[in-house]
Every structure is written in structure tokens, then in C-alpha cells.
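Spelled out from the first residue to the last, the chains are:
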Amino acid sequence: MHEPTLIKKIIAEISNKVFSRYSSYDSNLVGIHSHIQEVESLLCTVGIIGICGIHVIGKTTLADAVYKKISHQFECSAFLENVGEDFRKQGLIGLQNNLISLLFTNLIGNSQLKQLLISTANRSILVVEDIDCSLELQDRRAQQPRMMNPDLARMMNIDPYPTTQGGCGARVVLLSKYNPVLDQVDDFTVSSCLTLLCSINGCSITTTEGIGNTRDGFHPIHERFSGFHASQCGFCTTGMCMSLFLALVNAEKTPRPEPPLGFSKLKVSEAEKAIVGNLCRCTGYRPIVDACKSFTADVDMEDLGLNSFWRKGDSKDVKLSSLPSYKRNGDVCTFPQFLKSENRSSLLLAS
């Protein structure tokens, strides 16, 4: 190869790597900054983040913006696009080859590749776009007739074939992580059908039965959802309740003024946003939002709709006394003490 040609090729490869890793996102996108900051804050505590939802809401745009902003901080980075379509055309092996070619451009042997993957595992970022979970589910059902014994599933009132898509929010649970250094518990919701078991080691999980049930008594969230007629078929109710419960838990961690008795530190605007990741096909959302707003300190009781707690024309005092009692910082413990002790012990062993 002639020297000028070789030089041009070297310059082209270096320029491609440098400018692709330091490319900027479109800062004119409305509201993109707050979403990027939220994803970046999550990346400080978790290793896997899934952006789920219906079509055309900006999932790929957000992922692309985050990738362009932070990919230069990693030794290896890759953005796999149209994974669902490529999977149909090339299969799993084809996707693996595409990933390897994006991460490592130099041709190396299998043994070297294995060592390189291990050495850069904690210093790499991978964004996978347009994952078609239905293909994975179909493949899984073809290989395994069921995920769980149907009789056992019926006893536990769960589906033996989880959707693995997470768009509805019906399988939302509360996940709590404990930081033994700061002695602090961080609470957030996850879709149980999308969360890998290996990613929740040392964490605590709270389901809707964990905050209230027929044996120990229902939580005020359950009672108010029922009283405001916020549950019809019931498919979405468990996820709705857990999303609201997280909002109440996190609101109590804020330094806001003490709310009136029977209310929380939650604001009306936050209560309305608490269920944005949950879908309901029955109620039209109004009664669900009313149930959520009934916990907020700045709610206007006249705005709350039809319910079974009070009659039309009742005074504000009667309405307040009729609502199921809510005790802030109640009996629900999202992270048990014995698990904190185990995490502290693991930290000491690791050090």
C-alpha cells in the first residue's frame, strides 16, 4: 500500500473514533436535560437500565443523547440499533458479531477476546435499541413449555408466562438498596418481568402484599383505591399501588414542612406523575388520580370525585374523617434490619 493512502486511512480511522466518541446531542430537545440527568444518576447505582414504554415517546432519542454525552468516559462503547430486526435476519450469533466488531475493531483471537471482555467489563457501556421481547418470549416458550408449574402459578395468583415487556406497569414492585457506608436506603420501582435476578443481590423487594393483605390488614392505599372506585378488572391495580407507595416513601425523605394529620408530604403534581408508567384500560384514570391525590397535603377536597367515603354536600371535616387513616412512616419496613447487617458484613469482608 502506498504511503499517502495508508496515512489517509489512519487519519480516517482516528477521526472516526475521536469524533464519534465525543459527538454531542441536540440540546434543543425540549425537556431532554432533566431526563438525561435522571439516567446519569441511576447509572451511579445500577449497572443495567431499561427505558420502556409505548412507541414514539422518545425512548431511542433519550438513549442516544445519554450515549453521546457519556460514552467517551468508557474504554469500550457501542450503540446497537434495530436489534429486533437484526435478530430476525441474522440471529443471535449475528448480533454477537456486530457487537464485537463495534467494541473491538482490531482482529484478535478467541482467547485474547475473552481476556479483553473480562478486563473491560466494568469500563464499558452498551446501548441496545429496539429489543423485541416477544421474540425472546416465543423462543423461550418453544424451548420450555412453561416458566412455572401452572397449578403452583394459580395458587400464587400469577401468570406462569411473564410478558417480559414491562410496558403496562402491572408487575411493578418496590426495590430497595442499602448503602452501608452512608447508612442510607434508596427506594425505587422496577418491573419484575424485566429485572434480572442477578441484579438484585443484597436488595429488598416489597410487593403489594407486603404493604397490606387480608391477613394483616390492607394499606390505606388499597382502601382508598377501592373507595374511589379506582380498580375495575384489577389487572393494573397492584402496580398502581406500588407506584403510589414509592411516591409516598420518597416524599417522606424530603425536608418539607410537616403535613396535616392524615396526609403525606406528597404534592398533588407528584401524585399525578406517580402513575405515569402504569397503564389502565378500564377506569379512565380519573378515580385512580383521585385516590392518589387524597394523600397529598395540598389537595382540594372538592376536586376529588365520586367515592364511597362521603356523600355530596358533606363538610370538609366530615370528608377528612371519612378517609381511611394514613400514618406516615407506618409499619411497612422496606429494608429489614437483618439484611442491613448482612450488607455491612459483606462490605467488611470485601475491604
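Rules behind the numbers
Residues numbered from 1 in each chain as written. Predicted model: local features only at pLDDT ≥ 70, side-chain atom pairs only at ≥ 80, totals over all residues. Heavy atoms only, no water. Helix = DSSP H or I, 4+ residues; strand = E, 2+ residues; numbered from the N terminus. Buried < 20%, exposed > 50% of the residue type's maximum accessible area, 1.4 Å probe, protein only. Contact = heavy atoms within 4.5 Å. Areas by Shrake-Rupley, 256 points an atom, 1.4 Å probe, with all protein chains shown as cover. Pairing = 2+ DSSP bridges. Axes fitted to C-alpha atoms, helices over the stretch in contact; angles between N-to-C directions. Core = buried A, V, L, I, M, F, W, Y, C linked by side-chain atoms within 4.5 Å. Expected span 1.5 Å × (residues − 1). Arc of directions from axis to C-beta. Phe/Tyr/Trp six-rings, centres within 6.5 Å; stacked < 30°, edge-to-face > 60°. Lys NZ or Arg CZ within 6 Å of the ring centre and 35° of its normal. Salt bridge = Lys/Arg side-chain N within 4 Å of Asp/Glu carboxyl O. Parallel < 35°, antiparallel > 145°, perpendicular 65-115°, else oblique. Left-handed = near helix turned anticlockwise from the far one by under 90°. Nonpolar A, V, L, I, M, F, W, Y, C, P; charged D, E, K, R; others polar.

A few words now on the overall build of the chain. Along the chain, the regular secondary structure elements total 14 helices and five strands. Here the chain holds 351 residues, and 34% of them are scored as buried. Taking as baseline every contact in the chain between residues at least 6 positions apart, the subset at least 24 positions apart corresponds to 65%. Split by element, the accessible area of the chain, about 22,300 Å² in all, is 55% carbon and sulfur.

Pairing between the strands of a sheet is mediated by backbone hydrogen bonds and can be parallel or antiparallel. Sheet architecture is open: three strands sit in the order β4-β3-β5, paired in antiparallel fashion. At either margin of the open sheet sits one strand with a lone partner, and together these are β4 (184-191) and β5 (204-206). Between one strand axis and the next, the sheet turns through 30° on average, direction left out of account. Pairing of strand β3 (residues 172-179) with β5, which is carried by three bridges, proceeds in the antiparallel orientation. The residue of β5 that forms the bridge with leucine 174 is threonine 206. Relative to β4, helix α10 (residues 237-252) is tilted by about 160°, and along the sheet it contacts β3, β4 and β5.

Moving on, we come to the nonpolar core. A general trend in soluble globular proteins is that nonpolar side chains are found buried together. Core analysis: the largest hydrophobic core is formed by 36 residues, its most contacted members being Ile221, Phe225, Leu244 and Ile288. Those elements that provide at least two residues to this core are β3, α9 (220-227), α10, α11 (268-273) and α12 (286-293). Ranked by residue count, the leading element in this core is α10, at ten residues. Ignoring any residue separated from it by four or fewer positions in sequence, one finds isoleucine 288 in contact with Phe225, Ala230, Met240, Ile275, Cys280 and Thr283. Formed by twelve residues, the second largest nonpolar core is a distinct cluster that contains Ile32, Ile36, Leu62 and Ile125.

Below, the discussion takes up unusual backbone geometry. Trans peptide bonds make up the majority, and among non-glycine residues the majority have a negative phi. Of note in the backbone geometry, aspartate 183 takes a positive phi value of approximately 55° without being a glycine. Locating aspartate 183 in the fold gives a position in the loop between β3 and β4.

Another aspect to go through is helix α2 (residues 32-43). Over its twelve residues, α2 extends 17 Å from the first C-alpha to the last, a length consistent with the 16 Å expected when each residue adds 1.5 Å. Within the span of α2, buried status applies to Ile32, Ile36 and Val39. Taken end-on, α2 shows its buried residues confined to a sector of 65°, consistent with a single buried face. Its buried side turned inward, α2 meets α3 (59-70).

Structurally, histidine 222 is set in helix α9. Taking the relative accessible area as the measure of exposure, histidine 222 reaches 14% and is therefore buried.

Two measures describe an aromatic ring pair: the distance that separates the ring centres and the angle between the ring planes. Per the stated rule, a full pass over the model turns up five aromatic pairs. Their ring planes at 35° and their centres at 5.6 Å tell us that tyrosine 178 and phenylalanine 335 sit as a pair that is tilted. You can see tyrosine 178 sitting in strand β3 and its partner phenylalanine 335 sitting in the loop between α13 (316-322) and α14 (337-350), a full 157 residues away along the chain. Relative to tyrosine 326, the ring of phenylalanine 295 lies with its centre 5.2 Å away and its plane at 90°, an arrangement referred to as edge-to-face. Of this pair, phenylalanine 295 sits in the loop between α12 and α13 while tyrosine 326 is found in the loop between α13 and α14, placing the two residues 31 residues apart along the sequence. Counting every residue linked through ring pairs, the aromatic cluster contains Phe228, Phe309 and Trp310. Its guanidinium or amino end placed over the ring of phenylalanine 295, arginine 224 lies 4.1 Å from that ring's centre, counting from NZ or CZ.

Taken as a whole and judged by the stated rule, the model has eleven salt bridges. In this structure, lysine 69 engages glutamate 40 in a salt bridge whose closest nitrogen and oxygen atoms are separated by 3.3 Å. Separated by 29 residues along the polypeptide, lysine 69 in helix α3 and glutamate 40 in helix α2 bring together distant segments of the chain. Residue lysine 69 is classed as partly exposed on the basis of its relative accessible area, which comes to 34%. Across the pair glutamate 252 and arginine 328 runs a salt bridge, and its minimum N-O distance is 2.8 Å. Of this pair, glutamate 252 sits in helix α10 while arginine 328 sits in the loop between α13 and α14, and the two are 76 residues apart along the sequence. On the accessibility criterion, glutamate 252 (14% relative accessible area) is buried. Judged by its relative accessible area of 25%, arginine 328 is partly exposed.

The next point concerns the packing of α2 against α3. Helices that pack against each other are described as a pair by the angle of their axes relative to one another and the distance between those axes. Interaxial distance between α2 and α3 falls to 10 Å at its minimum, and their mutual angle equals 65°. On the basis of their axis angle, the class for α2 and α3 is roughly perpendicular. Crossing geometry of α2 relative to α3 is assigned as right-handed. Residues Ile32, His35, Ile36, Val39, Glu40 and Leu43 of α2 pack against Leu62, Ala65, Val66, Lys69 and Ile70 of α3. Split into classes, the residues belonging to the contact of α2 with α3 amount to eight nonpolar, one polar and two charged.

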